Amino acid sequence: DAGVIQSPRHEVTEMGQEVTLRCKPISGHNSLFWYRQTMMRGLELLIYFNNNVPIDDSGMPEDRFSAKMPNASFSTLKIQPSEPRDSAVYFCASSLSSGTHYEQYFGPGTRLTVT
Amino acid sequence: DAKTTQPNSMESNEEEPVHLPCNHSTISGTDYIHWYRQLPSQGPEYVIHGLTSNVNNRMASLAIAEDRKSSTLILHRATLRDAAVYYCILRTTDSWGKLQFGAGTQVVVTP
């Protein structure tokens, strides 16, 4: 299995531009999580989906952030418009949420720099 | 959400055991104890989890106190590759696997 795939791996953009981060979860997993990591705030959960349905988006910082999961094999996190304070590493993770096994498998992350 | 408390950092010599403590005094009866680690420039990876009994796997052992208010992750023989931030996290059973990461413990392994 290729694991969780994220693209792009690095993104540099100017303030005000739209940014779209992409994630392909592990095949067969039914939960998907988006996280953001910065030195100041650590690893924060932004939103998570179960069976393609958003369950909890309380971690999304503001309306500029949106996430979709149109099918079981693809999710996007969009920032519009982007601001310098959005600079961070964004991780996507997936898991098979059943029984007692909820281990999350993380992607390599997308390093976003907003200038 | 129940919180965990971990030391900021720990040092170990290569090939010696490492015992990473975690306090979770407000744990509820159905919370699972999860450990993840994050190697430099990588995403976190699952290490181990448990509910009440001690657990072993190929990566580590998890020792859970009888009252469940603390636990210890044991790396039996530290290698340089084990240098990472280790996170102790409580997962509630009604959370669809949701995890809230704290600051974790930075483990430094010296040759």
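The numbers attached to residues start from 1 for each chain and follow its sequence in the written order. Chains and ligands are labelled by the order in which they are written, letters from A for the one and numbers from 1 for the other. Totals for whole chains, interfaces and linings use all residues, but because this is a predicted model, local features are given only for residues with pLDDT of at least 70 and pairs of side-chain atoms are given and counted only at 80 or more. Water and hydrogen atoms play no part in the side-chain values, which are based on all heavy atoms of the structure.

Q: Quick question: what am I supposed to make of unusual backbone geometry here?
A: For residues that are not glycine, phi is negative in most cases, and the peptide bond is trans in most cases. All names here are of chain A. Of the consecutive residues Ser-7 and Pro-8, the connecting peptide bond is found in the cis state with omega at -10°. Each helix corresponds to a stretch of at least 4 residues labelled H or I by DSSP, and each strand to a stretch of at least 2 residues labelled E; elements are numbered beginning at the N terminus. Looking at where Pro-8 falls in the secondary structure, it is placed in the loop between strand E1 (5–7) and strand E2 (10–13). In this chain, Gln-80 is followed by Pro-81 through a cis amide linkage whose omega measures -10°. The phi angle at Asn-51 is positive, at roughly 50°, despite the residue not being glycine. Locating Asn-51 in the fold gives a position in the loop between strand E5 (42–50) and strand E6 (53–56).

Q: Would you mind going over the state of the cysteines with me for this structure?
A: One way to say it: the disulfide is the covalent bond shared by the sulfur atoms of two cysteines. All names here are of chain B. Cysteine sulfur atoms that come within 2.5 Å of each other are treated as a disulfide pair. Counted by the stated rule, this structure contains two disulfides over all chains. Residue Cys-22 pairs covalently with Cys-88 via a disulfide, S to S 2.1 Å. Measuring handedness by torsion sign, the sulfur bridge of Cys-22 and Cys-88 sits at about -85° and is left-handed. Here Cys-22, found in strand E2 (residues 18–23), pairs with Cys-88, found in strand E8 (residues 84–91); they are 66 residues apart in sequence, far enough to count as distant. Like Cys-22, the residue Cys-88 is buried in the burial classification. Only protein chains enter the calculation, and the probe is 1.4 Å; a residue is then buried if its accessible area is under 20% of its type maximum, exposed if over 50%, and partly exposed in between.

Q: Just checking my understanding: could you explain the layout of surface pockets for this structure?
A: The rolling of a water-molecule-sized probe over the atoms marks out the regions of remaining empty space. Both site types are read off a 1 Å grid over the protein atoms alone. A 1.4 Å probe that fits but cannot get out defines a cavity, while an open set with protein on both sides within 12 Å along at least five of seven lines defines a pocket; lining residues have an atom within 4 Å of a point. Grid points are joined across faces, edges and corners, and a volume is the space filled by probe spheres set on the points. In this structure, the largest pocket occupies an estimated 970 Å³ of space. Taken together, 43 residues make up the lining of the largest pocket; nearest its centre are A:Gln37, A:Gly42, A:Leu43, B:Gln38 and B:Tyr87. Every element with two or more residues in the lining of the largest pocket is listed here: strand E4 (31–38), E5, strand E9 (88–95) and strand E11 (110–114) of chain A together with E8 of chain B. The greatest single-element share of the lining of the largest pocket, amounting to seven residues, is contributed by E8(B). Classification convention: Asp, Glu, Lys, Arg as charged; Ala, Val, Leu, Ile, Met, Phe, Trp, Tyr, Cys, Pro as nonpolar; all other residues, Gly among them, as polar. Among the residues forming the lining of the largest pocket, the class breakdown is 18 nonpolar, 16 polar and nine charged.

Q: I keep staring at a nonpolar patch on the surface and nothing clicks. Help me out?
A: Like charges within 9 Å and nonpolar side chains (Val, Leu, Ile, Met, Phe, Trp, Tyr) within 5 Å are joined into patches, using only residues over 30% in relative accessible area that form no salt bridge. Using a 1.4 Å probe, the Shrake-Rupley method yields the accessible areas, and only the shown protein chains count as cover for residues. Take a side-chain nitrogen of Lys or Arg and a carboxyl oxygen of Asp or Glu: if they are within 4 Å of each other, that pair is a salt bridge. On the surface, A:Val53, A:Ile55 and B:Trp96 cluster together to form a nonpolar patch covering roughly 260 Å² of accessible area. You can see B:Trp96 is positioned in the loop between E8 and strand E9 (105–110). We classify B:Trp96 as partly exposed; its relative accessible area is 38%.

Q: Before we go on, may I ask you to explain the sheet that holds strand E8 (residues 74–79) of chain A in this structure?
A: Two modes of strand pairing occur in sheets, parallel and antiparallel, and in both the strands are linked by backbone hydrogen bonds. All names here are of chain A. Here, any two strands with at least 2 DSSP bridges between them count as paired. A sheet is described by the order of its strands in space; here four strands give the open sequence E1-E3-E8-E7, paired in antiparallel fashion. Unpaired on one side and paired on the other, E1 and strand E7 (65–71) mark the two borders of the sheet. The mean angle between the axes of side-by-side strands here comes to 15°, regardless of whether they run parallel or antiparallel. Helix axes are fitted only over the stretch in contact, all axes being lines through C-alpha atoms; the angle between N-to-C directions runs from 0 to 180 degrees.

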